[in-house]
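Residue-level structural notes
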Amino acid sequence: MKIFVRSTVMLVAVLAALQGSIAGEPGVVSFVKVLSDKVEDVSSLEAWKKAFIKDGMSDEQKAITVWETVVKFRHQEMPPNEFLMESGHPHDPIRTFNVYGYGQCCCASSNIEGLARYLGLQARGWGIINHSVPEVFHDGAWHMYDASLMTYFPKADGKAASVDELTADVMSFYAKNPELKDNDNKLREFMRDGGWKKGPEILANCKFYDNNGWFMAATHGWYSSMGEYADKAKTFVYEYGYSQGYQVNVQLRQGERLRRNWSNNGLHVNLLEGGAIGCLTKATGKEDLRYTPKYGDLAPGRVGNGKHFYEVPLADGGFRGGALVAENLASKSEDNSGPDVHVKDAAKPATLIMRLPSSYIYLDGAVALGAVIGQGGEIRVSFSDNNGLDWKEVKKISESGSVPIDLKALVYRRYDYRLKVELKGKGTGLDMLMFSNTIQHSQRALPALAQGANTISFSSGAPESTITIEGAIHDNKGKNLRLTDFKPVMNGIMKGDGPLFMEGEKADITLPIATPGEMTRLRFGCHYRARDKTDGWDLQVSFDEGKSFKTVDHAMGPSGGNCKYVTFSDVPPGTKSALVRYSGQQRNTTGILDLRIDADYKEPQGGFSPVKVTYVWDENGSEKTDVHIAKTPEDKWRINCAQKPVMKSVIVERAKSL
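Attention here is on the structure that accompanies the text. (Residues numbered from 1 in each chain as written. Predicted model: local features only at pLDDT ≥ 70, side-chain atom pairs only at ≥ 80, totals over all residues. Heavy atoms only, no water.)

**A look at the packing of helix α3 (residues 59-73) against helix α5 (residues 105-118)**
Packed helix pairs are specified by the crossing angle of their axes together with the interaxial distance, meaning the distance between the axes. Close contact between α3 and α5 brings their axes to 10 Å; oriented N to C, the two are set at 140 degrees. The orientation of α3 with respect to α5, classified from their angle, is oblique. Of the two possible hands of crossing, α3 and α5 adopt the one that is right-handed. Of α5, the residues touching α3 (which contributes Val66, Trp67, Thr69 and Val70) are Ala108, Asn111, Ile112, Leu115 and Ala116. Here the residues of the contact of α3 with α5 sort into seven nonpolar, two polar and no charged. (Axes fitted to C-alpha atoms, helices over the stretch in contact; angles between N-to-C directions. Helix = DSSP H or I, 4+ residues; strand = E, 2+ residues; numbered from the N terminus. Parallel < 35°, antiparallel > 145°, perpendicular 65-115°, else oblique. Left-handed = near helix turned anticlockwise from the far one by under 90°. Contact = heavy atoms within 4.5 Å. Nonpolar A, V, L, I, M, F, W, Y, C, P; charged D, E, K, R; others polar.)

Below is the structure:
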């Protein structure tokens with residue numbers, strides 16, 4: 001069956017008409033990155049690998065490094081809920097490190113699995129008693145690395161024990177000491193003053209208990225390990241499925257500014273559902289964050305609230321460089337008439353579409369328009385959060401004046417949205433268009449300063465952006481996007497809410513995706529189930545509207561659960577739309593629990609322009625500031641702190657024309 005890409009094709013056709021930005025400046029600077037030599041770069045899988053994985057490392061060293069990374073950048077806490085994945089929580093290591101910095105044991109297990117598999121190591125998850133842990137395979141055996149409670153258990157040979165080995169030794173101890181089994185109070189009493197060293201030998205070698213048997217965060221200890229590994233019959237292998245594709249891509253247009261703070265104003269992604277998170281108000285180095293300085297944490301806390309501002313430059317025509325669509329519009333600088341931007345040909349409607357992508361999750365949003373309505377004219381404002389496939393009208397303006405629009409209910413938990421402004425009538429236009437969004441980010445991954453000399457590295461990367469498809473397969477009660485919002489075509493898939501299981505021997509799921517500029521690569525995959533060795537999903541792409549498909553890779557069984565993500569870069573030149581298909585075959589039980597698709601593309605108006613970087617911190621209660629203009633795509637400078645700094649903000653924005 002021929003499958004056609006829907007309304008996204010219409011959008012792509014319009015984009016070719018975009019005009020260049022003023023004065024030859026690029027409209028968008030991409031992958032703006034500010035790094036401190038005190039904090040490793042975890043902005044993408046590639047960046048993490050470069051920062052942490054060294055040539056010549058053994059598989060065991062790689063596994064321990066994976067564990068250490070998750071310990072450094074993720075704290076044990078009530079998990080954030082995005083209501084996208086099957087778990088409800090974001091199970092993506094890079095997203096966890098940068099957006100949140102906290103999560104639960106299932107999140108930590110998925111982080112270990114995702115990073116280990118990215119390095120080519122086998123990994124799997126385990127459900128144990130009241131806990132979740134991962135294992136990594138190296139040196140011919142499985143080894144458990146728990147980044148949630150921040151421990152692993154070396155055996156006599158120095159290798160980390162497996163779940164099977166842990167349960168066997170703990171059960172053997174209980175067979176000789178039955179009075180301790182299921183008795184939390186006695187176990188806590190037993191572990192004090194080094195008593196835990198007299199317990200099971202496999203736990204006695206652990207270097208992460210203190211003298212009284214507590215782990216580093218002091219929320220759990222030896223007694224909890226004795227409960228978690230107490231019964232082999234209650235443990236089971238389980239896939240803590242993850243998504244892959246998120247990366248930090250800070251982009252700046254003229255008038256755009258991103259402020260990331262080492263503080264928060266009480267906002268977090270779970271706020272609407274209640275569910276307070278303890279680390280929102282806790283200080284690094286204290287309470288259950290007591291261990292974090294040991295692992296290089298220089299932030300004062302864990303949860304950050306930042307601000308994204310975009311005051312769209314209208315009068316000088318600078319809006320064109322950052323717009324998806326700018327049709328039938330003239331700026332004041334072009335025809336010397338007002339408003340700042342206005343309908344060019346009154347006989348036809350005018351359209352301005354702005355895209356607001358973010359590397360950090362939106363917690364609220366607002367747009368303010370300075371509306372000027374000509375005689376018989378009007379302005380309509382519409383919103384889209386599914387890549388322009390659908391639009392919802394949010395405001396109809398028929399009178400001139402300042403018009404604020406609250407977007408919180410629409411942008412909450414989103415990473416990307418579009419706003420369309422349609423103008424009609426002679427003299428109708430805008431004197432202002434300003435966006436403001438509060439974001440959540442982790443303080444831990446920000447480029448913090450330490451006392452003494454600090455080397456700051458600036459870079460901007462390839463002029464690229466990404467269009468993403470990620471929606472809940474299950475019913476999330478309207479709390480976020482669903483996969484169906486992206487208009488999939490599904491054949492042979494069972495009806496009902498939940499995982500996409502196959503009805504018969506064959507099935508397929510096809511999703512269209514289109515990009516504003518020339519597509520450079522597709523990154524996609526899924527969390528899937530394929531119980532038989534002949535079960536699985538072919539991961540396929542088409543660039544001819546479904547006339548033919550190329551199989552990129554296979555997500556195959558036998559597996560009760562696994563994840564597979566691939567990168568396809570052999571995209572035909574000039575491509576701006578594609579179909580991604582998951583083609584399934586089944587003998588036993590085959591389904592998809594989560595999926596994500598990322599289409600990278602060349603920014604039509606992309607390039608480098610100088611960027612202003614502002615650091616703000618306190619020393620002994622006195623505020624300090626460092627302002628630097630990065631005039632080249634790569635730059636370095638030093639910031640010296642005479643006293644231990646308390647970090648406050650790092651701000652990036654386009655510099656004024658030099």
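Right, picking up where we left off after that structure.
**Quick word on the packing of aromatic side chains**
The final tally for this structure, using the stated rule, is 27 aromatic pairs. With 5.2 Å between their ring centres and 50 degrees between their planes, Trp67 and Phe208 make a pair best called tilted. Here Trp67, found in helix α3, pairs with Phe208, found in the loop between α8 (201-204) and α9 (222-228); they are 141 residues apart in sequence, far enough to count as distant. Accessibility assignment for this pair places Trp67 and Phe208 in one class, buried. (Phe/Tyr/Trp six-rings, centres within 6.5 Å; stacked < 30°, edge-to-face > 60°. Buried < 20%, exposed > 50% of the residue type's maximum accessible area, 1.4 Å probe, protein only.)

**Overview of the layout of surface pockets**
Roughly 1100 Å³ of internal volume is contained in the largest pocket. Considering the residues around the largest pocket, the lining is formed by 49 residues, among which Ser43, Ser44, Leu45, Glu46 and Ala47 are closest to the centre. Those elements giving two or more residues to the lining of the largest pocket turn out to be β1 (33-36), α2 (45-52), α5, β25 (519-530) and β28 (559-568). Across the lining of the largest pocket, the residue classes break down as 23 nonpolar, 13 polar and 13 charged. Computed from the structure, the second largest pocket encloses a volume of approximately 460 Å³. Along the wall of the second largest pocket there are 20 residues; nearest its centre are Gln254, Gly255, Glu256, Arg654 and Lys656. Every element with two or more residues in the lining of the second largest pocket is listed here: β8 (256-261), β9 (303-311), β19 (429-442) and β34 (646-654). Here the element with the most residues in the lining of the second largest pocket is β9; it accounts for three residues. Grouping the constituent residues of the lining of the second largest pocket by class yields eight nonpolar, three polar and nine charged. (1 Å grid on protein atoms, 1.4 Å probe; cavity = no way out; pocket = protein on both sides within 12 Å on 5 of 7 lines; lining within 4 Å. Points joined across faces, edges and corners; volume = space filled by probe spheres on them.)

**Focus on the sheet that holds strand β26 (residues 536-542)**
Backbone hydrogen bonds are what pair the strands of a sheet, in a parallel or an antiparallel way. Taken in spatial order, the five strands make up an open sheet running β22-β24-β29-β26-β27, and their pairing is antiparallel. Every other strand in the sheet has two partners, leaving β22 (489-491) and β27 (550-556) as the edge strands with one partner each. If you compare each strand with its neighbour and ignore which way they point, the axes differ by 15 degrees on average. For β22 and strand β24 (residues 506-514), the ladder comprises three bridges, and the chain directions are antiparallel. Its bridge partner lying in β24, Val489 is registered against Thr510. (Pairing = 2+ DSSP bridges.)

**Structural notes on the sheet that holds strand β33 (residues 634-641)**
Ordered by their spatial adjacency, three strands build an open sheet running β1-β20-β33, and the pairing between neighbours is antiparallel. Each end of this open sheet is capped by a strand with a single partner; those strands are β1 and β33. Across this sheet, the average inter-strand angle for adjacent strands is 20 degrees, counted without regard to direction. Judged from the eight bridges that link them, strand β20 (residues 452-459) and β33 form a sheet pairing that is antiparallel. Paired with Thr455 across the bridge in β33 is Arg638.

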